[in-house]
Each structure stands twice: as C-alpha cells, then as structure tokens.
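Survey of secondary and tertiary structure
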Amino acid sequence: MRVIAGTARSLPLKTPEGLDTRPTTDRIKETLFNILHWDVQGAVFVDLFSGSGAIGIEALSRGARKAYFVDNAARAIECIQKNLTFTKLQNRAIVIRQEACSGLSSIHETAVDIIFMDPPYDQGHEKNVLAALKDQTYVTEDTLIIVEASLDTDFSWLGETGFVLEKEKRYKTNKHMFIRKILL
C-alpha cells in the first residue's frame, strides 16, 4: 500500500498488524480520489474508522488543509501516527483515539468538506454514524460523506436519517456511497 499522488507520492504505508483492518486497495483509492480530485485541495477531511490512515493521508498529500483520523484501536492509532511521521504530514493531522460516533464531538471545525468512513462491513455502523453526523454543526449541505461498504449493504433507510444518496460507485467487492445532508 502506498500514497498514490501528491507531496507524499509513492511512499509506502504501514498497515496495523492483525486482521482487524481491511485497507482500501490502491486501485480503489486511486478511483476514489479521481472522483474527488477537485474537492480535496484546501479541504477539511475526516477519516473515520481510519485503520492505517491511508485515505486521510492521501487527502493530505493531495492538498487537503487538515485531516482528522478517528479510530478506537491502539494498533491503528500507532500505525496512523507512524505513517503521518513518515510522510511528513503530521503537522496538518489530528489523530483521535475514540469510537467513531464519540470521536465526532472532538472535531472542532465550523465546516467539514469531506467525511470518509470505512467501517467493518455488515455491522450497521453506517447508520449509527450518519445519525450522529446529522446533529453535528460542521456537517452542512456542502459536506460530502463517502461510505465504503460491501456490495450488499442496504441503504434504503438513508432518507430517514436526513441524508440523500448523490452517487454510488460499485467495484468488484465493495462500493462507495456519496451522500449529502438533505436541505431543510
């Protein structure tokens, strides 16, 4: 696994030991950031269920102004910190060791541009996090939320949480759901 583009281009990244983390492949990460290309520069980026921090680090490498990394696993936090130091991006990063929903209250921004979450598949975390995000003042109608999920994850409940699906990108084994807050 490596940084695809930007100031840290081609630098290898570590992944946490064990089977608790399922890193996004370089190919899917490249496709994702090709979609986000114009939105990342100068953005405040949040990487929930960060694992190795590869997604948030990619955002920083491509010009995000700041990135928050939220994960509750000690191994993941240690890995994120090592990757940030190695890529020399730690000065624009805030690492939060908390469960995703709890960690949302540790983000102190007037607005967040992009929130990416890659929770463990098929455990329903997406719904809980979106319900918690609904009440965060930094989530505006301009905030783009991307959820990485298994292909069979059902999002028919999305409207009930105050969000709307803007786009879906399917891959061989998973998908990215691009979501925005519904205007009231």
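Structure shown above.
Residues numbered from 1 in each chain as written. Predicted model: local features only at pLDDT ≥ 70, side-chain atom pairs only at ≥ 80, totals over all residues. Heavy atoms only, no water.

1. What to know about the packing of helix α1 (residues 26-40) against helix α2 (residues 54-61)
Running from N to C, α1 and α2 cross one another at 40°; their axes reach a closest spacing of 11 Å. Classified by the angle between their axes, α1 and α2 sit oblique to one another. Remark: the crossing between α1 and α2 carries right-handed chirality. Contacts between α1 and α2 involve Lys29, Leu32, Phe33 and Val40 from the former and Ala54, Ile55, Glu58 and Ala59 from the latter. (Axes fitted to C-alpha atoms, helices over the stretch in contact; angles between N-to-C directions. Helix = DSSP H or I, 4+ residues; strand = E, 2+ residues; numbered from the N terminus. Parallel < 35°, antiparallel > 145°, perpendicular 65-115°, else oblique. Left-handed = near helix turned anticlockwise from the far one by under 90°. Contact = heavy atoms within 4.5 Å.)

2. Brief notes about unusual backbone geometry
Of note, the phi angle at Phe49 is positive, near 55°, even though the residue is not glycine. You can see Phe49 is positioned in the loop between β1 (44-48) and α2. Residue Phe49 is classed as buried on the basis of its relative accessible area of 19%. Residues other than glycine seldom take positive phi values, yet Asp122 does so here, at roughly 60°. Summarising the element assignment, Asp122 is placed in the loop between β4 (114-117) and α5 (125-133). Exposure remark for Asp122: the relative accessible area of 53% places this residue in the exposed category. (Buried < 20%, exposed > 50% of the residue type's maximum accessible area, 1.4 Å probe, protein only.)

3. Quick look at the sheet that holds strand β5 (residues 144-150)
Here seven strands make up an open sheet; going across it, the order is β3-β2-β1-β4-β5-β7-β6 and the pairing mixed. Of all the strands in the sheet, the pair left with one neighbour each is β3 (93-97) and β6 (163-170). Shown here is a sheet whose adjacent strand axes are inclined to one another by a mean of 20°, direction ignored. With five bridges joining them, strand β2 (residues 66-71) and β3 adopt parallel strand pairing. Note on β3: the bridge partner recorded for Asp71 is Arg97. Docked against the sheet, α1 engages β1, β4, β5, β6 and β7 (174-181), running at close to 20° with respect to β7. (Pairing = 2+ DSSP bridges.)

4. Remarks on α5
Looking only at α5, the buried set comprises Glu126, Val129, Leu130 and Leu133. Taken around the axis of α5, the buried residues stretch over an arc of 100°, which confines them to a single face. Those residues of α5 that are buried are in contact with β1, α4 (100-103), β4, β5, β6 and β7. (Arc of directions from axis to C-beta.)

5. Describing the nonpolar core
With 27 residues, the main nonpolar core has Leu48, Ile115, Met117, Leu130, Leu133 and Ile145 as its most contacted residues. Mapped onto this core, the elements with two or more residues apiece are β1, β2, β4, α5, β5 and β7. Ignoring anything within four residues of it in the chain, the contact list for Ile145 reads Ile115, Met117, Leu130, Leu133, Val139, Phe163, Met177, Phe178 and Ile179. In terms of nonpolar packing, the next biggest core, distinct from the first, is built from 26 residues, Ala54, Ile57, Ala64 and Ile80 among them. (Core = buried A, V, L, I, M, F, W, Y, C linked by side-chain atoms within 4.5 Å.)

6. Some details on the environment of Leu32
Examined against the element boundaries, Leu32 turns out to sit in helix α1. What makes Leu32 buried here is its relative accessible area of 0%. Distance from Leu32 to Ile146, taken between C-alpha atoms, is 9.5 Å for residues 114 residues apart in sequence. Apart from residues lying up to four places away in sequence, Leu32 is in contact with Ile55, Phe116, Ile146, Tyr171, His176 and Phe178.

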